[in-house]
Amino acid sequence: MKTILITGAAGRMGRRLVALTLEGEGLELVAAVEHSAHSLLGQDAGAVAGVGNADVTLTCDIAAAVSAADVMIDFSSRDSAVANTELAVANNCGIVLGTTGLTDPEKASISALGSTGAVMAAPNMSVG
């Protein structure tokens, strides 16, 4: 069973990722994270995603959440992408980074972190 942490969990992609994780075999949603001012903090991540109760509360405490996860799927914001990648690598948590709009220096920082941890950065995941 792979344990999953989703950042940006109340956004459009985050909600879809929550739903897919809950439906996926061999996956367990252990945390759903949003920024500290988000209006949906404290609500159930599955309910926010429209798929029913998941028993996972939407939180802003990523530092506490990362220790419970095997993989972080990050669709948060450009402002937190490098810090989230650093946190994942420091906690031996793989990260799939789908955040867009990264600058060249941010991309370089994330690429360097890939030499010490499991980092996959793919900022364009659209089918079309």
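Here the structure is a predicted model, which is why all the values come from computation and not from measurement. (Residues numbered from 1 in each chain as written. Predicted model: local features only at pLDDT ≥ 70, side-chain atom pairs only at ≥ 80, totals over all residues. Heavy atoms only, no water.)

Looking at the packing of helix α4 (residues 78-90) against helix α5 (residues 104-113)
Contact pair α4 / α5: the axes reach a minimum separation of 10 Å and the direction vectors enclose 10°. Judged by the angle between their axes, α4 and α5 are roughly parallel. Only E106, S109, I110 and L113 of α5 make contact with α4, whose side of the interface consists of R78, A81, V82, T85, E86 and V89. Looking at the contact of α4 with α5, its residues break down into five nonpolar, two polar and three charged. (Axes fitted to C-alpha atoms, helices over the stretch in contact; angles between N-to-C directions. Helix = DSSP H or I, 4+ residues; strand = E, 2+ residues; numbered from the N terminus. Parallel < 35°, antiparallel > 145°, perpendicular 65-115°, else oblique. Contact = heavy atoms within 4.5 Å. Nonpolar A, V, L, I, M, F, W, Y, C, P; charged D, E, K, R; others polar.)

With respect to helix α1 (residues 12-23)
Relative to the 16 Å expected for 12 residues at 1.5 Å per residue, α1 spans 17 Å between its end C-alpha atoms, a close match to the ideal helical length. All of the buried residues along α1 are G14, L17, V18, A19 and T21. (Expected span 1.5 Å × (residues − 1). Buried < 20%, exposed > 50% of the residue type's maximum accessible area, 1.4 Å probe, protein only.)

A look at the sheet that holds strand β4 (residues 71-74)
The strand order across the open sheet formed by six strands is β3-β2-β1-β4-β5-β6, and the pairing between neighbours is parallel. The strands lining the two open edges of the sheet, one partner per strand, are β3 (58-59) and β6 (119-121). Of the pairings in the sheet, the one linking strand β2 (residues 27-33) to β3 comprises two bridges and is parallel in character. Its bridge partner being in β3, V33 is matched across the sheet by T59. (Pairing = 2+ DSSP bridges.)

A closer look at the pairing of strand β1 (residues 2-7)
Within β1, five of the six residues are buried, which leaves it mostly tucked inside the rest of the structure. As a crossover connection, the stretch from β1 through α1 into β2 is right-handed. Where β1 and β4 come together, four bridges link them in parallel fashion. Bridge pairing in β4 places T7 opposite D74. (Right-handed = clockwise from strand over helix to strand, strands pointing away.)

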